[in-house]
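Topology and contacts: notes
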Amino acid sequence: MRKHYIVGTAGHIDHGKTTLSTALTGINTDRLKEERERNISIELGFAPFTLPNGDQVSLIDVPGHEKFIRHMVAGVVGIDLVLLIIAADEGIMPQTKEHLQILELLGIEHGIIVLTKKDLVDEDFIELVKEDIKEILRGTILKNAPILAVSSTTHEGIDELKLLIQEMLSQIPERTSTGFFRMPIDRVFTLKGIGTVVTGTVYSGTIEVGQELEIQPSNHKVRVRSLQVHSQSVDKAFAGQRVAINLTGIEVEDLQRGDSVVTPGQWEPSQRVDVELHLLNEIDFALKQNSEVKIHIGTTEVMGTVLFYDRKEALPGETVYCQIKLEEPIISSRKERFIIRRPSPSTTIGGGSIIDPNAKKHKYRQETIDLLKQKSKGTLDELILQQLQSSSQVFLTIQELSTLLILPKNEIEVGLSKLTKQLQIIEFQSGSQDPFYAARTQLEKIEKQIVSTLETYHKTYPLRLGYPKAEFMKQFMEKLKPKMAQNVFDYWGEKRLLMVKEEFVALPTFKPQLPPTLQEKANQLEQKLIEQGFTPDSWDDLTKEVKLNEKEKNELYNFLLNQGKILKLTDKMIIHQQTFEKLKAIIIDFLRKEQQITIQQAKELLNVSRKYLVPLMELLDQEKVTVLRQGQNYRELRK
Ligand SMILES: Nc1nc2c(ncn2[C@@H]2O[C@H](COP(=O)(O)OP(=O)(O)OP(=O)(O)O)[C@@H](O)[C@H]2O)c(=O)[nH]1
């Protein structure tokens, strides 16, 4: 299959970028502007040409230094190769160096140095210029770049250059299209009969016709009506490609260069980004705390303030960890490259990569730097583990991790399975529900808390069955759905950390017990209650003559209820379990003979007033001994 590549040009003014583009493509890129209206994906400065093997190249040639920076930053994920153009008669000039620095800051590592205007100088001179260039390139990202001399006017070396471009491109590994979709917008316009069109380079993921997407930071919902890649209509486009998208659901006025088209729900605009920042050697000042800078990222340029956490200033050539507080919210991704410039005089100061696209406020102290360093150096596994270890929410699903880390789900899954095998994290999974995860260290930490919480609770309330389950879940299983919580209870149950009994959580060894002092009083009360038979006192009356404080009274009541020693007749009235058994025996005996019993018959049988009789009979229904026939006034045995 024929491939399509994007090649960028860089170099000092008048060194022959446009003339070389014309020599390679046969198109005068300055004239491309007129063609813009004809097709949604033709745009300023992009000219196509075909390599000897049939692969296609789109050459970007943008005039002017500002535009160069914009295009390089915006196209950083899409540019496969860069041609650094140096005129043989002039050699390295200030802007050559600055462009080289920008390529370096953006991490663009595949390049060819093209020496133009070969026809204006002799061979010896070219050799001298080449030596100069090698000297300058030493230690830079393009240190191994080949150098080739050409003439764009006589076309000497142009075919050789095409072959060299072809060879270099064939060595570049294929891009992967993993992750959520994101495309920073570089142009917005309307076309008659088509509607709103945006163009840009796809940073991550894939896009399809019909897909629902969202514009950030404005949070507009949109749909893809049609797509073009390099003037061809396509159904799908991938990371690294330059794409024109025809959008529905939005007007041109609601879009601007710098916005991003993204997968819905995955990106949150932020006004703080943590960064690893490298300052150029060549600047002649120190970057002070709170300096105002302009950050070029994606297709956006935003003013921001530099915040250091371990210094008052950064010196030329230094690489530091810091934060940039932005004047407007932006969308960015971890490891995304950016450039910073000084607003006036407009000069490039440095650049770097994003550590945290949704950064928080930090304190001025060494720990902040340690954290940023760890985050920037961290592998995917380390990041996942760190998230699970530091999150206030102990249990997280893949979706939650993906949202928190701004990383694609498929990559998170790979990391999780590795970490599970290493026993660094515990996976909770059952049936159709989504699996969720916890870091082992984090789990051990809360297990300790649980044991100590339960111990204290049992000591304070020795008569209770245990810690109320609902409260327990709120405290230790924040945000976990009941079904998921059951998984964790099962896990802890198997580990013999705790046991769950109805609505209570207790240590496995725990049994509610009466202390000796209360035991005696309890016996006394039970005895009295048994003697009262079918006409018992309320709990309040019963306990009047026994010395109990309010708490003991309550605890003992609940204890006897939980132990099944007493049963509730009404809110106030209770009956002893032995009395209830007696009642049951009498009624069952009667019903076996007579089949039915009315209230009147029961009254005669038990010889109590209605005040007791009604709750007694209702208790029998409740305990599933009898049923009251609907609409009748008699009861039968329950089958
Ligand atoms: N003799 C000769 N002249 C050349 C060659 N390449 C470019 N030139 C001339 O150099 C001048 C500048 O060339 P451009 O192609 O406009 O340079 P550029 O780098 O695109 O300039 P900017 O876009 O303004 O930065 C023009 O007059 C060209 O005709 C070459 O290989 N040989």
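Before any of the text, the structure's been laid out above.
Here is a short report on the structure shown in this document. (Residues numbered from 1 in each chain as written. Predicted model: local features only at pLDDT ≥ 70, side-chain atom pairs only at ≥ 80, totals over all residues. Heavy atoms only, no water.)

As for the side chain of Lys118
Just so we agree on the cut-off: Secondary structure elements are defined from DSSP: runs of H or I of at least 4 residues count as helices, runs of E of at least 2 residues count as strands, and each element is numbered from the N terminus. Exposed residues in this analysis have more than 50% of their type's maximum accessible area, buried residues have under 20%, and partly exposed residues fall in between, with area computed by a 1.4 Å probe over protein chains only. Contact between two residues is taken to exist if any of their heavy atoms lie within 4.5 Å; hydrogens are not considered.
Counting through the fold element by element, Lys118 comes out in the loop between strand S5 (111-116) and helix H5 (123-137). On the accessibility criterion, Lys118 (16% relative accessible area) is buried. Every residue in contact with Lys118, bar those within four places of it in the chain, is listed here: Glu123, Ile126, Ala149, Val150, Ser151 and Glu156.

Things to note about the pairing of strand S10 (residues 212-216)
How we decide: Pairs of strands are assigned from DSSP output, requiring at least two bridges between the strands.
Along S10, four of the five residues are buried, which leaves the element largely enclosed by surrounding structure. With four bridges connecting them, S10 and strand S11 (residues 220-229) associate as antiparallel partners. Residue pairing in the sheet places Ile215 in a bridge with His220 of S11. In textbook terms, the turn of a hairpin is the stretch between consecutive antiparallel strands, and for S10 and S11 this stretch comprises three residues, one of which, Asn219, has a positive phi near 70°.

Some points on a negative patch on the surface
To be explicit about the condition: Without a salt bridge and with relative accessible area above 30%, a residue can belong to a patch; like charges are then joined within 9 Å and nonpolar side chains (Val, Leu, Ile, Met, Phe, Trp, Tyr) within 5 Å. What sets the accessible areas is the Shrake-Rupley method with a 1.4 Å probe; for residues, cover comes only from the shown protein chains. Definition used for salt bridges: Asp or Glu carboxyl oxygen within 4 Å of a side-chain nitrogen of Lys or Arg. Charge counting follows a simple rule: Lys and Arg are positive, Asp and Glu are negative, and His as well as the terminal groups are ignored. The location of each charge is read from NZ of Lys, CZ of Arg, CG of Asp or CD of Glu.
On the surface, a cluster of negative charge is made up of Asp14, Asp89, Glu90 and Asp119. For Asp14, the location among the structural elements is in the loop between strand S1 (4-11) and helix H1 (17-25). We classify Asp14 as exposed; its relative accessible area is 65%.

Examining the nonpolar core
Applied cut-off: The term nonpolar core refers to a set of buried residues drawn from Ala, Val, Leu, Ile, Met, Phe, Trp, Tyr and Cys, joined through side-chain atoms within 4.5 Å. How far each domain reaches was decided by an automatic or database domain assignment.
Grouped together as the largest cluster of nonpolar side chains are 58 residues, with contacts concentrated most on Met72, Ile113, Leu277, Leu287, Phe338 and Ile340. Taken domain by domain, this core gets at least three of its residues from each of domain 1 (4-170) and domain 3 (273-371). Met72 has contacts with Gly8, Thr9, Ile79, Val82, Ile102, Leu103, Leu106 and Ile108, leaving out every residue within four places of it along the chain. With 28 residues, the next largest nonpolar core counts Ile426, Phe428, Leu454 and Phe510 among its residues.

Remarks on the site of the ligand
How we decide: Neighbouring residues are identified by heavy atoms, a residue being near a molecule or strand if any of them is within 4 Å of it. Polar contacts, as counted here, are pairs of nitrogen or oxygen atoms within 3.5 Å of one another; within protein the pair requires one atom able to donate a hydrogen and one able to accept it, and residues that are adjacent in sequence qualify only if both atoms are side-chain atoms. In this classification, Asp, Glu, Lys and Arg are treated as charged, Ala, Val, Leu, Ile, Met, Phe, Trp, Tyr, Cys and Pro as nonpolar, and every other residue, Gly included, as polar.
Looking at the ligand, there are 13 residues lining it, with Lys17, Thr18, Thr19, Asp119 and Ser152 nearest. The contact in question runs from an oxygen atom of the ligand to an N or O atom on the backbone of Asp14, over 3.2 Å. A distance of 3.1 Å separates a nitrogen atom of the ligand from a polar atom in the side chain of Thr153. In the complex, 72% of the free accessible area of the ligand, which totals 650 Å², lies under the protein chains. By residue class, the composition of the shell around the ligand is two nonpolar, seven polar and four charged.

Digging into the packing of helix H17 (residues 577-594) against helix H19 (residues 610-622)
A pair of packed helices is characterised by two quantities: the angle between their axes and the separation of those axes. Our working definition: Axis lines are fitted to C-alpha atoms, over the contacting stretch for helices. Their N-to-C directions set the angle, which ranges from 0 to 180 degrees. Here roughly perpendicular refers to angles of 65 to 115 degrees, roughly parallel to angles under 35, roughly antiparallel to angles over 145, and oblique to all remaining angles.
Taken N-terminus to C-terminus, the directions of H17 and H19 make an angle of 85°; their axes are 11 Å apart at the nearest point. Here H17 lies roughly perpendicular to H19, going by the angle between them. Here H17 contributes Phe580, Leu583, Lys584 and Ile587 to the contact with H19, which in turn contributes Leu616, Met617, Leu619 and Leu620.

Overview of the sheet that holds strand S27 (residues 467-468)
Overall, antiparallel pairing links the three strands, which are arranged S27-S29-S28 in an open sheet. In the strand order of this sheet, the two ends are held by S27 and strand S28 (499-501), each with one partner. The pairing of S27 with strand S29 (residues 504-506) spans two bridges and is classified as antiparallel. In the strand pairing of S29, Pro468 is matched with Phe504.

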